[in-house]
Amino acid sequence: MKTSDFYYDLPKELIAQDPLEDRSSSRLLVLHSKSGRIEHRVFSDIVDYLRAGDCLVRNNTKVIPARLFGVREGTGGAVELLLLKKHGNDVWETLVKPGKKAKKGTCLVFGEGLLCGEIIEVLDDGNRLIQFTYEGIFEEILDELGQMPLPPYITHHLEDKNRYQTVYAKYEGSAAAPTAGLHFTEDLFGQLSEKGVEIANVTLHVGLGTFRPVKVENVESHHMHEEYYRIEPEEAFKINEAKKKGGRLVCVGTTSCRTVESAADSQGILHAGEGQTDIFIYPGYQFKMLDILVTNFHLPESTLLMLICALAGREAVMQAYQEAVRERYRFFSFGDAMLILPD
């Protein structure tokens, strides 16, 4: 299976630069994966496709303002930092630009000394471990100095940083938003609950590994970076009970999908707990938990697009993407959504 099998041509103007004023007013392409049939709806119509007994699983991670701009101590050279993963004791795994001058022992200064960091290790993949020093509370300093880590294909300034958070974001730790969840409103969740849809939460802190380009020719040779996940016992119970009673598991986004697939055993039972996952889902994968997926439109040749193809079939998905381009859907993080149904 080649990476190029997952390429499609996307006009640049279809990459959404700004979130819509009303989260749930985005368009919704409904793909019936068995037949390949496509419907064009509005996102709030998702209520029509779910039924009593279904369980909607959402990722309640919260994006931290992980992008920092500072200078190298001594030279005053500009530096950009992206926090990726907390290692404990104020040590973070980071992505540093420019990388060539970010050598071990280099000291970085942010906010005129409000936050300082020393590069203590250069990892094999080029990421840097940085030991931070500061006075006060790290999260408060980060909130003051940091910016939301919008993907590089979004060039517009984000006026309200809460628009890069889901309305149910709770636990801080992500370097990117679980963007399929951006379409949901509290009102929409109310409608789903009234209909008898169970709502469950899992946590997966999204790292850059999810979005790193696949640089190998053979898909099977790609390795995913690890991401932290946690599932509380009461949430695992909700999900298992819904499945046991014949309800369908509806995952909001690929991160929720990867979380439940990582924590499920071969019998399709979800286990509570926490850990690291590097699960890579591509065509040929047998899903243990997922029945229905709510997702955005993903980059060509990305691991996320491969996951979609594993669920609905490469041919059906690529045809749906071509249809979305023809119909001028908005793509990527602030773009429109897909609902993938098994029937």
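Structure: above.
Read on for a plain summary of the structure. Quick caveat, the model's predicted, so the values are computed rather than measured. Think of each chain on its own: its residues are numbered from 1, step by step along the sequence as written. Only residues with pLDDT of at least 70 are given local features in this predicted model, and only at 80 or more are side-chain atom pairs given and counted; all residues enter the totals for whole chains, interfaces and linings. The basis for every side-chain value is the complete set of non-hydrogen atoms in the structure, without hydrogens or water.

Comments concerning the environment of lysine 170
Move 1: Under the DSSP-based scheme used, a helix requires at least four consecutive residues in state H or I and a strand at least two consecutive residues in state E, with every element numbered from the N terminus. On the secondary structure map, lysine 170 appears in the loop between α1 (138–145) and β11 (171–174).
Move 2: In this scheme, a residue with accessible area under 20% of its type's maximum is buried, one over 50% is exposed, and one in between is partly exposed, where area comes from a 1.4 Å probe on protein chains only. Owing to a relative accessible area of 55%, lysine 170 belongs among the exposed residues under this scheme.
Move 3: Separated by 98 residues in the primary sequence, lysine 170 and glycine 268 have C-alpha atoms spaced 27 Å apart.
Move 4: For this analysis, residues touch if any pair of their heavy atoms sits within 4.5 Å. Lysine 170 has contacts with Asn60, Thr61 and Lys62, leaving out every residue within four places of it along the chain.

Some details on the environment of alanine 320
Move 1: Counting through the fold element by element, alanine 320 comes out in helix α6 (residues 314–326).
Move 2: Sequence-wise, alanine 320 and arginine 128 are 192 residues apart; in three dimensions their C-alpha atoms are separated by 39 Å.
Move 3: With residues up to four places along the chain from it excluded, the contact list for alanine 320 reads Leu29, Leu31, Ile38 and Met338.

Some details on α1
Move 1: Among the residues of α1, those classed as buried are Phe138, Ile141 and Leu142. Down the axis of α1, the sector holding all buried residues measures 100°, keeping them to one side. Away from the buried face of α1 by more than 90 degrees, exposed residues Glu140 and Glu144 are located.
Move 2: On the buried face of α1, the contacting elements are β5 (67–72), β6 (78–88), β7 (91–97), β9 (115–122) and β10 (128–134). Within this analysis, the arc is defined by the directions that extend from the helix axis to the C-beta atoms.

Digging into the sheet that holds strand β16 (residues 292–296)
Move 1: On the basis of which strands lie adjacent, the open sheet formed by 9 strands has the order β2-β1-β17-β16-β14-β3-β12-β13-β15 and mixed pairing. Across the chains shown, the open sheet's two edge strands, defined by having one partner strand only, are β2 (37–42) and β15 (273–277). Strand-to-strand twist in this sheet, taken as the mean axis angle between neighbours without regard to direction, amounts to 25°.
Move 2: By the bridge criterion, 5 bridges tie strand β13 (residues 227–231) to β15 in an arrangement that is antiparallel. Any two strands with at least two DSSP-identified bridges between them are counted as paired. Only C-alpha atoms enter the line fits that serve as axes; for helices the fit covers just the stretch in contact. Angles between N-to-C directions range over 0 to 180 degrees.

Interpretation note: all reported values are geometric properties and have no functional meaning in isolation.
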